[in-house]
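Summary of the model geometry
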Amino acid sequence: MTEQQTQQTAAQQDARALYETLAGHAPDGLWSAPGRVNLIGEHTDYNEGFVLPFAIPHRTVAAVGRRDDDRIRVASTFAPDAVEVGIDELESLFPTVRRAQGSGDAQQPAVPEWAAYPLGVAWALQQAGASASGVDIAIASDVAVGAGLSSSAAIEGAAASALNDIWGAGLDRVALARIGRRAENEAVGAPTGIMDQMASMLGEPDAAIFLDCRSLEALPVVVGAAPAGLAILVIDTQVQHAHSTGGYRERRASCERGAAIMGVPSLRDVSVADLGRAEELMDDVTFRRVRHIVTENQRVLDTVRVLREQGARGIGDLLVASHASMRDDFEISVPELDTAVEAALAAGAIGARMTGGGFGGAAIALIEQDSVDAVSDAVAAAFTERGFAAPHLFTVVPSAGAQRDA
Ligand code: GLA
């Protein structure tokens, strides 16, 4: 058994044990959903553009069972107390967040943030017409929280899959990804796109998901790292800057401003050939935000083509260009992420870039399989040299999406 399978089994065991403590009997079933890394295509999702994420082996497990009343109780291994609400209270739990989004106020949800994910999913399913009934939900996870690996989408995916089955809602994977995003946007109040939920729902072994965020058409694209003798190293900087949500929101607003100036519904409709005109029309900062999105969309398309024509060895320069664009134009990198990328490249990585929303979190590096230790050591040494806390380093392979485990 691999280390990852052992970890997954541990999360399953933890979720089951927590459920049994909570409910006093065995759950009806176990459902799980993975975290993700994004190979390329950052901040393009809410611009209706292209992304290429893949699901990772680390998963969140929800042990779920029916109750004979109309209450929902959620417990998790990362919080001491369970949270219990009536189904008829769901609607009143989240409107404060929905109103706050309009006014720009950062109001907190009426339940602890971790509980807003599964309860938000229950609420969004109910809004989508599911006939909700009482359940107990126990959650355990081996997706690192705050690492930019979409631990929240993994909770949403596991909860949505479980409740979809138990409530007989019959929604497909794309519909469940939309449910997860609605929970994230309107229950938790994070203004994200749909990439993370789609990656967690649709992930496949050995493939990245080439997603058109306008049509939500998704195509698996073989990454083929292992057959080419390559590995994908995750460098979790363990840094999360306090302004990450504000920074994300602000970048989103810049993109909307840029699209308005160009007279298009979203930056998806601006091509590299339009950038000269864009530069004449907008201020320097807005232009650089726009240039990142427009060139990043093109890099996703190029990465898909190169993966198909040449395989994983061909995509290194695209990864490096993506990182430079996020560092210089979109300005969402931090010294720890730049150090991770520079140290990995200096130690022989074929390509490296920060992954996810930015302002902290993780970078990925595409490296020779036999250089995992050397690159890891070089990155760790660079962190020590600059006085940064030690990064968390591990390899990932593209893995399966949400599923019923038991
Ligand atoms: C976060 C969001 C995603 C996406 C990325 C940036 O992970 O949840 O929707 O916008 O940032 O690509």
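Here the residue numbers are simple positions, counted from 1 along each chain's written sequence. Confidence filtering applies because this is a predicted model: local features only for residues at pLDDT of at least 70, side-chain atom pairs given and counted only at 80 or more, and all residues used for totals across whole chains, interfaces and linings. Only hydrogens and water are set aside when side-chain values are computed; all heavy atoms of the structure are taken into account.

**Concerning the overall build of the chain**
By definition, any uninterrupted DSSP run of H or I lasting at least four residues is a helix, any uninterrupted run of E lasting at least two residues is a strand, and each is numbered from the N terminus. The secondary structure content of the chain amounts to 13 helices and 13 strands. Both definitions apply: the radius of gyration is a C-alpha atom measure, and the globule rule equals 2.2 Å times residues to the power 0.38. Computed over its C-alpha atoms, the radius of gyration of the chain comes to 21 Å, within 12% of the 22 Å expected for a compact globule of 406 residues. Each of the three principal axes of the chain carries a C-alpha extent, and together these read 60 × 50 × 40 Å. Relative accessible area decides the class of each residue, using a 1.4 Å probe on protein chains only: under 20% of the type maximum gives buried, over 50% gives exposed, and in between gives partly exposed. Split into buried and exposed, the 406 residues of the chain put 58% on the buried side. Any two residues whose heavy atoms approach within 4.5 Å at even a single point are treated as in contact. Put simply, of all contacts in the chain between residues at least 6 apart along the chain, 75% involve residues at least 24 apart. Areas reported as accessible are Shrake-Rupley estimates using a 1.4 Å probe. Residue values count occlusion only from the protein chains shown. For the chain, the accessible surface area stands at approximately 15,500 Å², while carbon and sulfur atoms represent 49% of it. Between the mean site of the 31 positive side-chain charges and the mean site of the 54 negative ones, the chain shows a separation of 4 Å. None of His or the chain ends enter the tally, which takes Lys and Arg as positive and Asp and Glu as negative. Think of each charge as sitting on NZ of Lys, CZ of Arg, CG of Asp or CD of Glu.

**Brief notes about helix α10 (residues 284–309)**
Over its 26 residues, α10 runs 36 Å from end to end, which matches the ideal 38 Å to within 8%, given 1.5 Å per residue. The term polar contact refers here to a pair of N or O atoms within 3.5 Å; inside protein, the definition further demands a hydrogen-donor-capable atom paired with an acceptor-capable atom, and it admits residues adjacent in sequence only when both atoms are side-chain atoms. Between the side-chain oxygen at the start of α10 and the backbone nitrogen of valine 285 there is a gap of 3.2 Å, and the oxygen is on aspartate 283. Remark: glycine 311 follows α10 within two positions and exhibits a positive phi of approximately 90 degrees. Expected span of a helix: the number of residues minus one, times 1.5 Å.

**Some remarks on the packing of helix α4 (residues 113–127) against helix α6 (residues 173–188)**
Every angle, taken between N-to-C directions, lies between 0 and 180 degrees, and every axis is a line fitted to C-alpha atoms, over only the stretch in contact when it is a helix. Two elements in contact, α4 and α6, have axes separated by 8 Å at closest approach and are oriented at 125 degrees. Classified by the interaxial angle, the pair formed by α4 and α6 is oblique. In the packing of α4 onto α6, the handedness of the crossing is right-handed. Between α4 and α6, the contacting residues are Glu113, Ala116, Tyr117, Gly120, Val121, Trp123, Ala124, Leu125 and Gln127 on the first element and Leu176, Ile179, Arg182, Ala183, Glu184, Glu186, Ala187 and Val188 on the second. The class makeup of the residues in the contact of α4 with α6 is eleven nonpolar, two polar and four charged. Here roughly perpendicular refers to angles of 65 to 115 degrees, roughly parallel to angles under 35, roughly antiparallel to angles over 145, and oblique to all remaining angles. Crossing handedness is defined as follows: a turn of the near helix away from the far one that is anticlockwise and smaller than a right angle gives a left-handed crossing, while the clockwise case is right-handed. Put simply, Ala, Val, Leu, Ile, Met, Phe, Trp, Tyr, Cys and Pro go in the nonpolar bin, Asp, Glu, Lys and Arg in the charged bin, and everything else, Gly too, in the polar bin.

**Comments concerning the environment of alanine 374**
Of note, alanine 374 is situated in helix α13 (residues 372–385). Residues alanine 374 and serine 322, spaced 52 residues apart in sequence, show a C-alpha to C-alpha distance of 24 Å.

**Examining the nonpolar core**
For our purposes a nonpolar core is just a set of buried Ala, Val, Leu, Ile, Met, Phe, Trp, Tyr and Cys residues, chained together by side-chain atoms within 4.5 Å. Formed by 52 residues in total, the largest nonpolar core has its most connected members in Ile72, Leu119, Ile137 and Trp167. It is α4 that provides the largest number of residues to this core, a total of ten residues. Grouped together as the second largest cluster of nonpolar side chains are 37 residues, Cys255, Val290, Ala344 and Ala363 included.

**What to know about the state of the cysteines**
Each disulfide is one covalent bond, formed between the sulfur atoms of two cysteines. The disulfide criterion used throughout: a pair of cysteine sulfur atoms within 2.5 Å. Evaluated as defined, the whole model comprises zero disulfides. The thiol of cysteine 213 is unpaired, and the distance to the nearest cysteine sulfur, on cysteine 255, comes to 13 Å. Note on cysteine 213: relative accessible area 10%, which makes it buried.

**Notes on the sheet that holds strand β10 (residues 351–355)**
Across a sheet, paired strands are connected by hydrogen bonds in the backbone, their directions being either parallel or antiparallel. One open sheet holds the four strands; their spatial order is β10-β11-β9-β12, and the pairing between them is antiparallel. Each edge of the open sheet is held by one strand with a lone partner, namely β10 and β12 (392–396). Averaged over all pairs of adjacent strands, the angle between strand axes in this sheet comes to 25 degrees, irrespective of strand direction. In this scheme, strands are said to pair when DSSP sees at least two bridges between them. Pairing of strand β9 (residues 230–240) with β12, which is carried by five bridges, proceeds in the antiparallel orientation.

**A word on the packing of helix α12 (residues 335–346) against α13**
Between α12 and α13, whose axes approach to 9 Å, the crossing angle comes to 140 degrees. On the basis of their axis angle, the class for α12 and α13 is oblique. Here α12 runs over α13; the crossing is right-handed. Residues Glu336, Thr339, Ala340, Ala343 and Ala344 of α12 form the contact with α13, whose participating residues are Val375, Ala378, Val379, Ala382 and Phe383. In terms of residue class, the contact of α12 with α13 is built from eight nonpolar, one polar and one charged.

**Regarding the pattern of salt bridges**
Here, a salt bridge means any side-chain nitrogen of Lys or Arg that lies within 4 Å of a carboxyl oxygen of Asp or Glu. Summed over all chains, the structure comprises 26 salt bridges. Arginine 36 serves as the salt-bridge partner of aspartate 196, at 2.8 Å between the closest nitrogen and oxygen. Of this pair, aspartate 196 sits in helix α7 (residues 195–202) while arginine 36 sits in strand β1 (residues 29–38), placing them 160 residues apart in sequence. In this structure, aspartate 196 and arginine 36 share a single accessibility class: buried. Three or more residues are tied together by salt bridges with common partners; here these are Arg67, Asp69, Arg71, Arg73, Glu84, Glu89 and Asp136.

**Description of the confidence of the model for the chain**
The pLDDT value tells you how sure the predictor is about a given residue, anywhere from 0 up to 100. Across the chain, the average pLDDT comes to 94, with 94% of residues at or above 70. Between residues 98–106, whose pLDDT stays under 50, and residues either more than four places distant or in other chains, the model counts eight contacts.

**Considerations on the sheet that holds strand β6 (residues 135–141)**
Read across the sheet, six strands follow the order β5-β4-β6-β3-β1-β13 without closing on themselves; strand pairing throughout is mixed. Two strands lie at the open edges of the sheet, namely β5 (83–86) and β13 (403–404), each paired on one side alone. Where strand β3 (residues 53–66) and β6 come together, seven bridges link them in antiparallel fashion. When the bridges of β6 are listed, alanine 62 appears paired with isoleucine 139. Sheet contacts for α4: β4 (71–76), β5 and β6; angle to β4, the most-contacted strand, approximately 145 degrees. Seen against the sheet, helix α5 (residues 151–166) touches β1, β3, β6 and β13 and runs at an angle of roughly 150 degrees to β1.

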